[in-house]
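One letter stands for each residue in the lines below.
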Amino acid sequence: MSEAAQQGINIDTMSLDQLNSLKQQQQNRLESLSVQYNAFKDAKDRLSLAKESLATIPTDGEGGQEIMIPLTESLYAPGKIVDPNKILVELGAGFFVEKSANDALKVLERKYKVVDKNTENVMSAIEVSSRNVQALNQAMQGKMMEIQAKQAGAAYKKQMEGSSK
């Protein structure tokens, strides 16, 4: 069932302009949801990469492992890991906390699960909006056929009236 039907909107009684307006709203919503979906997908990719990177750090040693520290996406500086069991993890909104490597991994896994659930929710909303757009397209095609039939009927009636005189 389309979202419009769930909200109690009877699209069969709407004019073509109203249907077009509602379709435009649904298309805008669909576009916005697609942007959100892509952002969540990117976040999942970053979290997966962070988990993989964390797994490459040996936690049983004293440190001293040389690494490249990203300053931007294309700018790196050489560095050394001083204590492999002290990892700064971003909790969100620019807040960082020092965690052990295992605890940092747990934080990343929790964040991944939250992002994954949000991705699923957005995908469900995308599917609903897509079905709504399809239903509105069908309703608009029906309205167009109805208008064309009325015009053809009126033209035929006028032709018949003109030929009977």
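What counts, and where the lines are drawn
- Residues numbered from 1 in each chain as written.
- Predicted model: local features only at pLDDT ≥ 70, side-chain atom pairs only at ≥ 80, totals over all residues.
- Heavy atoms only, no water.
- Helix = DSSP H or I, 4+ residues; strand = E, 2+ residues; numbered from the N terminus.
- Rg over C-alpha atoms; globule rule 2.2 N^0.38 Å.
- Patch = residues over 30% accessible without salt bridge, like charges linked within 9 Å, V, L, I, M, F, W, Y side chains within 5 Å.
- Areas by Shrake-Rupley, 256 points an atom, 1.4 Å probe, with all protein chains shown as cover.
- Salt bridge = Lys/Arg side-chain N within 4 Å of Asp/Glu carboxyl O.
- Pairing = 2+ DSSP bridges.
- Buried < 20%, exposed > 50% of the residue type's maximum accessible area, 1.4 Å probe, protein only.
- Contact = heavy atoms within 4.5 Å.
- 1 Å grid on protein atoms, 1.4 Å probe; cavity = no way out; pocket = protein on both sides within 12 Å on 5 of 7 lines; lining within 4 Å.
- Points joined across faces, edges and corners; volume = space filled by probe spheres on them.
- Nonpolar A, V, L, I, M, F, W, Y, C, P; charged D, E, K, R; others polar.
- Phe/Tyr/Trp six-rings, centres within 6.5 Å; stacked < 30°, edge-to-face > 60°.
- Lys NZ or Arg CZ within 6 Å of the ring centre and 35° of its normal.
- Lys, Arg positive; Asp, Glu negative; His and termini not counted.

Chemist: Describe the overall build of the protein chain, naming the residues involved and giving the relevant values.
Modeler: Counting secondary structure elements, the protein chain contains 3 helices and 4 strands. Overall, the protein chain shows an N-to-C arrangement of helices and strands of α-α-β-β-β-β-α. For the protein chain, the C-alpha radius of gyration of 29 Å lies well beyond 15 Å, the compact-globule estimate for 165 residues. Projected onto the principal axes, the alpha-carbon positions of the protein chain cover approximately 105 × 35 × 20 Å.

Chemist: Could you give an account of a nonpolar patch on the surface, with specific residues and numbers?
Modeler: A grouping of Ile67, Ile69, Leu71 and Leu75 is seen on the molecular surface, where their side chains present a nonpolar patch of about 330 Å² in accessible area. Residue position: Ile67 is located in strand E1 (residues 66–70).

Chemist: Quick rundown of the pairing of strand E4 (residues 95–99)? Include the residues and the values.
Modeler: Relative to E4, strand E3 (residues 87–92) runs antiparallel, the two sharing 5 bridges. For Val89, the partnering residue across the bridge sits in E4 and is Val97. What sits between the antiparallel neighbours E3 and E4 is a turn of 2 residues, in which Ala93 has the positive phi angle 55°.

Chemist: Requested: an account of the environment of Val122, with residues and values cited.
Modeler: Tracing the chain through its elements places Val122 in helix H3 (residues 101–163). Val122 sits in the buried class, given a relative accessible area of 8%. Here the alpha-carbon distance between Val122 and Ala55, two residues 67 residues apart in the chain, equals 30 Å. Non-local contacts of Val122, meaning those with residues more than four positions away in its chain, are made with Leu33, Gln36, Tyr37 and Phe40.

Chemist: Explain the layout of surface pockets to me, using residue names and the numbers behind them.
Modeler: When its volume is computed, the largest pocket comes out at roughly 1,200 Å³. If you trace the largest pocket, you find 31 residues lining it, with Arg46, Leu49, Ala50, Ser53 and Pro70 closest to the centre. Looking at the lining of the largest pocket, the elements that each hand over two or more residues are helix H2 (16–55), E1, strand E2 (76–80), E3 and H3. A per-element tally of the lining of the largest pocket places H2 first, with 7 residues. Grouping the amino acids of the lining of the largest pocket by side-chain chemistry returns 20 nonpolar, 4 polar and 7 charged.

Chemist: Talk me through the packing of aromatic side chains; I want residue IDs and the actual numbers.
Modeler: Applying the stated criterion across every chain yields a total of 0 aromatic pairs. It is Lys51 that lies over the ring of Tyr112; its NZ or CZ is 4.7 Å from the centre.

Chemist: So what's going on with the side chain of Lys23? Residues and values would help.
Modeler: Checked against the element boundaries, Lys23 lands in helix H2. Here Lys23 is buried and forms no salt bridge, its nearest opposite-charge partner Asp17 lying at an N-O distance of 12 Å. Residues contacting Lys23, with those up to four places away along its chain left out, are Leu136, Asn137 and Met140.

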